[in-house]
Amino acid sequence: RIGLIDEFDDIFAREASIVASTCVGISSRHALKNLRYDWVIIDEAARATAPELLLPMLLGKKIILVGDHKQLPPIVNLVKDNNYTVKINQKILEKSLFEEIFEKSEGGPAQKTLLSQFRMHSGISKLVNDVFYPKYDIKTKTKDEDRIHNLGFTEQVIWLDTTYIKDNQEEAVNKSFRNKVESKLILRKLEEMNHIYKQKGIHSNVAIISGYSAQKELLINEINPENFKWSNIKIQIDNIDAFQGSEADIVFYSLVRSNEENDIGFLKDERRLNVALS
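We now turn to the structure provided with this report. Position labels on residues start from 1 in each chain and follow its written sequence. At least 70 in pLDDT is required for a residue's local features to be given in this predicted model, at least 80 for side-chain atom pairs to be given and counted, and no such filter applies to totals for whole chains, interfaces and linings, which use all residues. For the side-chain quantities, the full set of heavy atoms in the structure was used; hydrogens and water were omitted.

Here the focus is the overall build of the chain. When helices and strands are tallied, the chain shows 11 helices and nine strands. Judged by the C-alpha coordinates and their principal axes, the chain covers about 65 × 55 × 50 Å. When checking whether two residues touch, look at their non-hydrogen atoms; a contact exists if any pair is within 4.5 Å. Pairs at least 24 apart in sequence give 65% of the contacts found in the chain among residues at least 6 apart. Per-residue accessibility takes into account occlusion by the displayed protein chains alone, with areas from the Shrake-Rupley method and a 1.4 Å probe. Accessible surface, the chain as shown: approximately 18,700 Å² in total, 52% of it carbon and sulfur. Looking at charge distribution, the chain has the averaged site of its 38 positive side-chain charges lying 1 Å from that of its 41 negative ones. Helical segments are the DSSP runs of H or I of at least four residues, strand segments are the runs of E of at least two, and each set is numbered from the N terminus. Here the positive residues are Lys and Arg and the negative ones are Asp and Glu; neither His nor the chain ends is included. Charge positions come from single atoms, namely NZ of Lys, CZ of Arg, CG of Asp or CD of Glu.

So, in structure tokens, the structure goes:
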């Protein structure tokens, strides 16, 4: 009986107490953009560009922005046009509106910093706190005995150094990089882990993350997460950007970069490293 989908949307939107949408989506739907909301709550606000953030902010009487500008920034792609030469500092564009507001309101009544974490072992939390949040004292609200890896190491943060392994350098693949030594090392450690867990009757979720798509493909081919041999570990392989916000019992971070120039490319970005470690 209702001829137009917009009319159908209008009825639902007017009657709803809560509307969920993407930042851009709420301004593209006729029924949603014509309403005014008592509250607009924007999650992952530090990852949105200023135009994306402003679209839903214009629709609210009160705004709550939730995010962390010390993690991944907004994605900015500069289109190169040979007909024009415009010098644009990409770092400036990557500074989010969330970060601007946070800095200008620091210490004010409108700003609240969450200082409790409920995810990781205190050993990992201390590393992240000391390196990325030295101004704050983040408290761990989990029990450390529930966050141990049961692999025989005393520490919960383990560094696997490939310095003295033959042929340990990176390999360029198109515009990406991969490192075969790292993929083989991770495969071996996963096999050891699966064997230990099988003996102990433990089941665990394991994530393997990397900053490079070529390494992700190599890891998937080498490890084959769907193989039935992984009886006691469930494996997920992804890049850092896609994995942000997810979690696993154990995470391998494959750095990939290893060269005589000591060039680690975009891995030196503190925000990306923060996401990888936390």
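Attention shifts here to unusual backbone geometry. Backbone geometry places Asp167, a non-glycine residue, at a positive phi of 55°. Under the scheme applied here, a residue whose accessible area is under 20% of the maximum for its type counts as buried, over 50% as exposed, and between as partly exposed, the area being computed with a 1.4 Å probe on protein chains only. Its relative accessible area of 62% is what places Asp167 among the exposed residues.

So, about the environment of Leu219. Topologically, Leu219 is positioned in helix H9 (residues 213–223). Leu219 sits in the buried class, given a relative accessible area of 0%. Between the C-alpha atom of Leu219 and that of Ile92, which follows or precedes it by 127 residues, the distance is 34 Å.

Core analysis: the biggest nonpolar cluster contains 16 residues, and Leu190, Met193, Ile208, Ile223, Ile233, Ile235 and Phe252 have the highest contact counts within it. Elements that contribute at least two residues to this core include exactly helix H8 (180–200), strand S7 (204–210), H9, strand S8 (233–239) and strand S9 (250–254). At five residues, H8 tops the list of elements feeding residues into this core. With residues near it in sequence (within four places) discarded, Ile223 still touches Ile186, Leu187, Leu190, Ile208, Trp230, Ile235 and Ile237. Nonpolar core, defined: a set of buried Ala, Val, Leu, Ile, Met, Phe, Trp, Tyr and Cys residues in which side-chain atoms within 4.5 Å join the residues together.

The next point concerns empty space enclosed by the protein. A cavity here means a set of 1 Å grid points, computed over protein atoms only, where a 1.4 Å probe fits but cannot escape. A pocket is an open set with protein on both sides within 12 Å along at least 5 of 7 lines, and lining residues have an atom within 4 Å of a point. Grid points are joined across faces, edges and corners, and a volume is the space filled by probe spheres set on the points. Evaluated as defined, the whole model comprises one cavity of 30 Å³ or more. Approximately 30 Å³ is the volume attributed to the largest cavity. Forming the walls of the largest cavity are Ala46, Asp68, His69, Gln71, Leu72, Pro73, Pro74, Glu94, Ser96, Glu99 and Arg271. Classification convention: Asp, Glu, Lys, Arg as charged; Ala, Val, Leu, Ile, Met, Phe, Trp, Tyr, Cys, Pro as nonpolar; all other residues, Gly among them, as polar. Residues of the lining of the largest cavity, tallied by class, amount to four nonpolar, three polar and four charged.

Here we come to the packing of aromatic side chains. Here a pair means two rings of Phe, Tyr or Trp (six-membered ring of Trp) with centres within 6.5 Å. Their orientation is stacked below 30 degrees between planes, edge-to-face above 60, and tilted elsewhere. Per the stated rule, a full pass over the model turns up three aromatic pairs. When the ring of Phe98 is compared with that of Phe102, the centres are 6.3 Å apart and the planes differ by 25°; the resulting orientation is stacked. One end of the pair is Phe98 and the other is Phe102, both in helix H6 (residues 97–104) and four residues apart, which spans about a single turn. A single burial state applies to Phe98 and to Phe102, both of which are buried. Ring geometry for Phe177 against Tyr212: centres 5.6 Å apart, planes inclined by 85°, an arrangement best described as edge-to-face. Of this pair, Phe177 sits in strand S6 (residues 176–178) while Tyr212 sits in the loop between S7 and H9, and the two are 35 residues apart along the sequence. For Tyr212, a relative accessible area of 4% puts it in the buried group. Every member of this aromatic cluster is reached through a ring pair, and the members are Phe177, Tyr212 and Phe266.

With that settled, consider H9. Along an α-helix, residues three or four positions apart point the same way, because every turn accommodates 3.6 residues. Buried residues of H9: Ala214, Gln215, Lys216, Leu218, Leu219 and Ile223, and no others. At the C-terminal side of H9, Asn224 shows a positive phi close to 55°.

Keep in mind these numbers describe shape, not what the thing actually does.
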